[in-house]
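Structure at a glance
The residues making up each chain are set out below.
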Amino acid sequence: MAQRCSICGKGPGYGNHVSHSDLKTKRRFMPNLQSIRIVVDGITRRAKVCTSCIKANKVKRPA
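Here we summarise the structure given alongside this text. (Residues numbered from 1 in each chain as written. Predicted model: local features only at pLDDT ≥ 70, side-chain atom pairs only at ≥ 80, totals over all residues. Heavy atoms only, no water.)

Structural notes on the overall build of the protein chain
Rules: By definition, any uninterrupted DSSP run of H or I lasting at least four residues is a helix, any uninterrupted run of E lasting at least two residues is a strand, and each is numbered from the N terminus. Throughout, the radius of gyration refers to the C-alpha atoms, and the reference size of a globule is 2.2 Å times the residue count to the power 0.38. The buried label goes to any residue with under 20% of its type's maximum accessible area, the exposed label to any with over 50%, and the partly exposed label to all in between, with areas taken from a 1.4 Å probe on protein chains only. In what follows, a contact means two residues having at least one pair of non-hydrogen atoms within 4.5 Å.
When its secondary structure is counted, the protein chain shows one helix and four strands. In sequence order, the protein chain lays out its α and β elements as β-β-β-β-α. Against the 2.2 N^0.38 benchmark of 11 Å for 63 residues, the protein chain shows a C-alpha radius of gyration of 16 Å, more extended than a compact globule. Seen through its C-alpha atoms, the protein chain measures out along the principal axes to roughly 55 × 20 × 15 Å. Classification of the 63 residues of the protein chain by burial places 19% in the buried group. Relative to all contacts within the protein chain whose residues are 6 or more apart in sequence, the contacts with residues 24 or more apart total 28%.

Shown next, in the form of structure tokens:
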């Protein structure tokens, strides 16, 4: 499954592992996604949402 936020579309960032000897190898910075229940068009469903969207109240949680 894609590591992408359902609300804002945030996905993995890319960069380098840098060792003490300054060797560089590729790595991915993964977003902090949580699988939560949200309300979309009046229907409750599960979605992967990043924690920054949850904190910013961009999602409607079921009561």
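Regarding the pattern of salt bridges
For the record, the criterion: Whenever Lys or Arg places a side-chain nitrogen within 4 Å of a carboxyl oxygen from Asp or Glu, that contact is recorded as a salt bridge.
For the structure on display, the rule yields one salt bridge. A salt bridge links Lys24 to Asp22; its shortest N-O distance comes to 3.2 Å. Overall, the relative accessible area of 48% leaves Lys24 in the partly exposed class. Taking the relative accessible area as the measure of exposure, Asp22 reaches 49% and is therefore partly exposed.

A few points about the nonpolar core
As a reminder of what qualifies: Take the buried Ala, Val, Leu, Ile, Met, Phe, Trp, Tyr and Cys residues and link them wherever side-chain atoms come within 4.5 Å; each set so joined is a nonpolar core.
Listed in full, the nine residues of the largest apolar core are Cys5, Leu33, Ile36, Ile38, Ala47, Val49, Cys50, Cys53 and Val59. Secondary-structure elements contributing two or more residues to this core are β3 (33-40) and β4 (43-50). Aside from chain neighbours lying at most four places away, what touches Ile38 is Ile7, Ile43, Thr44, Arg45, Ala47, Val49, Val59, Lys60 and Pro62.

Topic: the pairing of β4
In plain terms, the rule: Pairing between two strands is assigned when DSSP locates at least 2 bridges connecting them.
Examined bridge by bridge, β3 and β4 share eight bridges and lie antiparallel to one another. Within β4, the residue paired with Ser35 across the bridge is Lys48.

Worth remembering: the numbers are spatial, not functional.
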